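Coordinate analysis (summary)
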Amino acid sequence: MKISLPDVVVLTGASSGLGKQLAEILVAEGPVVIGVDVVPPPDALAAHDSFRSIAGSVDDPATWQAVAELVETLPGSVGLASVAATLVQGTAAEIAPADWQRAFSVNVIAAGLAIKHLQPVMTQRGGGPMVFVGSVDATYGEEGLVAYCASKGALRQVVRASALDFGRSGIRCNLVSPGPMTTEMFYTHLNSSPDPDQLLATREARQPLGTITSPLDVANVVAFFLSDQARGVSGVDLIVDGALTAGYEFRNIPMSAGATAS
């Protein structure tokens, strides 16, 4: 099945990780991609005729004003893929107020700014998809990541409420929530542990599919949610974690072990 994507997609966090993977998928499919990031895009991505770059932080209103002005110059339908995020490490006993503020500014307030600046033009053009990347940490706690967990939980409610607020404008708001994913952010967290190799082995062993989810796996789901083929879906939080959170424990043993027939 070939999916039909918006003519223009605003993509945050386009220069690395999941955002870069998604940008590569999108430019290959044909939409004009407006990549928003604090760092320049890779040369190979910037070389695409359909790629535009805006440098700026996603929690800065001036960045979104620049995005909105560029979108206004481009014809056709518009979509949003909000991928940019920040990882603040530490427990509640360790994190400084400024770090709490940074986590919520980038992971939550930036989503609100994106909606605020893109909703008018999307409504004018008949609606469209807004897809936000969350995390299983919105529901399940993770040691040493309290601010990240809290901010992703807040983001989920931004998305759900916005699905209701703007549904009659034809705007669909959905969340794609990965589990552990092999991006730069994952390895930053991994390498902060006393034994990264052991932590990686533990993480892989607890995955029912046997491997950490790749950015491509998640990017394909985001691309589908951006498409017309998902136009009946809004207000959804779709988990993409290789069945990690399907149960409370994964022991990787034969279920018949020790069982007796009744």
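Rules and cut-offs
Residues numbered from 1 in each chain as written. Predicted model: local features only at pLDDT ≥ 70, side-chain atom pairs only at ≥ 80, totals over all residues. Heavy atoms only, no water. Helix = DSSP H or I, 4+ residues; strand = E, 2+ residues; numbered from the N terminus. Rg over C-alpha atoms; globule rule 2.2 N^0.38 Å. Buried < 20%, exposed > 50% of the residue type's maximum accessible area, 1.4 Å probe, protein only. Contact = heavy atoms within 4.5 Å. Areas by Shrake-Rupley, 256 points an atom, 1.4 Å probe, with all protein chains shown as cover. Lys, Arg positive; Asp, Glu negative; His and termini not counted. Charge placed at Lys NZ, Arg CZ, Asp CG, Glu CD. Axes fitted to C-alpha atoms, helices over the stretch in contact; angles between N-to-C directions. Parallel < 35°, antiparallel > 145°, perpendicular 65-115°, else oblique. Left-handed = near helix turned anticlockwise from the far one by under 90°. Phe/Tyr/Trp six-rings, centres within 6.5 Å; stacked < 30°, edge-to-face > 60°. Salt bridge = Lys/Arg side-chain N within 4 Å of Asp/Glu carboxyl O. Expected span 1.5 Å × (residues − 1). Core = buried A, V, L, I, M, F, W, Y, C linked by side-chain atoms within 4.5 Å. Pairing = 2+ DSSP bridges. Right-handed = clockwise from strand over helix to strand, strands pointing away.

Okay, the overall build of the protein next. Check the secondary structure of the protein and you find 8 helices and 7 strands. Computed over C-alpha atoms, the radius of gyration of the protein comes to 19 Å, within 12% of the 18 Å expected from 2.2 N^0.38 for 262 residues, which places it in the range of a compact globule. Along the first, second and third principal axes, the C-alpha set of the protein runs to 65 × 45 × 40 Å. Burial status across the protein gives 47% buried among its 262 residues. Partitioning the intrachain contacts of the protein with sequence separation of at least 6 by distance along the chain shows that 71% fall at a separation of at least 24. On the protein, roughly 12600 Å² of surface is accessible, and the fraction owed to carbon and sulfur atoms is 54%. With 15 positive and 25 negative side-chain charges, the protein shows a separation of 9 Å between the mean positions of the two kinds.

The N-to-C vectors of helix α1 (residues 17–29) and helix α8 (residues 215–226) enclose an angle of 55°; their axes lie 9 Å apart at closest approach. Regarding the angle of α1 to α8, the classification is oblique. The two elements α1 and α8 meet at a crossing, and its hand is right-handed. On α8, the residues touching Leu18, Gln21, Leu22, Ile25 and Leu26 of α1 are Pro215, Leu216, Val218, Ala219, Asn220, Val222, Ala223 and Leu226.

The subject of this paragraph is the packing of aromatic side chains. This structure, assessed with the given rule, holds 1 aromatic pair. With a centroid separation of 6.3 Å and 45° between ring planes, the pair formed by Phe224 and Phe225 is classed as tilted. According to the relative accessible area criterion, Phe224 is partly exposed, its value standing at 30%.

Let us now look at the pattern of salt bridges. Tallied over the entire structure, the rule returns 5 salt bridges. Notably, a salt bridge pairs Lys2 with Glu29, separated by 3.2 Å at the nearest N-O pair. Separated by 27 residues along the polypeptide, Lys2 in the segment before β1 (8–12) and Glu29 in helix α1 bring together distant segments of the chain. For Lys2, a relative accessible area of 62% puts it in the exposed group.

Further remarks concern α8. For α8, with 12 residues, the first-to-last C-alpha span of 16 Å sits near the 16 Å given by 1.5 Å per residue. Every buried residue of α8 is accounted for by Pro215, Val218, Ala219, Val221, Val222, Ala223, Phe225 and Leu226. Residues of α8 that are buried in the fold lie against β1, α1, β4 (78–82), β5 (128–133), β6 (171–178) and β7 (237–240).

Generally speaking, a soluble globular protein has its nonpolar side chains buried in company with each other. Of all hydrophobic cores here, the largest spans 30 residues; its most connected members are Val10, Trp64, Leu118, Met130 and Phe132. Of all the secondary-structure elements, those providing two or more residues to this core are β1, β2 (32–37), α3 (61–72), β4, α4 (97–124), β5, α5 (146–165) and β6. Sort the elements by how many residues they give to this core and α4 lands first, with 9 residues. In contact with Trp64, other than residues within four places in its own chain, are Val10, Thr12, Val58, Leu80, Ala110, Leu113, Ala114, His117 and Leu118. In this structure, Leu18, Val131, Met181 and Val218 belong to the second largest nonpolar core, which totals 28 residues.

This next bit is on the pairing of β2. Taken across its 6 residues, β2 has 6 buried, putting it largely inside the fold. Alternating residues of β2 divide into Val32, Ile34 and Val36 and Val33, Gly35 and Asp37, and every residue in both groups is buried. Of the strand pairs in this sheet, β1 and β2 are connected by 5 bridges, and their pairing is parallel. Considered in β2, the bridge of Val8 is made with Val32. With α1 bridging β1 and the parallel β2, this β-α-β connection has right-handed handedness.

Relative to the assigned elements, Ser82 resides in strand β4. Judged by its relative accessible area of 12%, Ser82 is buried. With residues near it in sequence (within four places) discarded, Ser82 still touches Thr12, Val131, Phe132 and Val133.

Moving on: the side chain of Thr63. Mapped onto the fold, Thr63 is located in helix α3. Not counting chain neighbours up to four residues away, the residues in contact with Thr63 comprise Val36, Ile54, Gly56 and Ser57.

Its 20 residues place the ends of α5 29 Å apart at the C-alpha level, agreeing with the 28 Å of an ideal helix rising 1.5 Å per residue. Listing the buried residues of α5 in full gives Ala147, Tyr148, Cys149, Ser151, Lys152, Gly153, Leu155, Arg156, Val159, Ser162 and Ala163. Summarising the contacts, the buried residues of α5 are in contact with α4, β5, β6, α6 (184–191) and β7.

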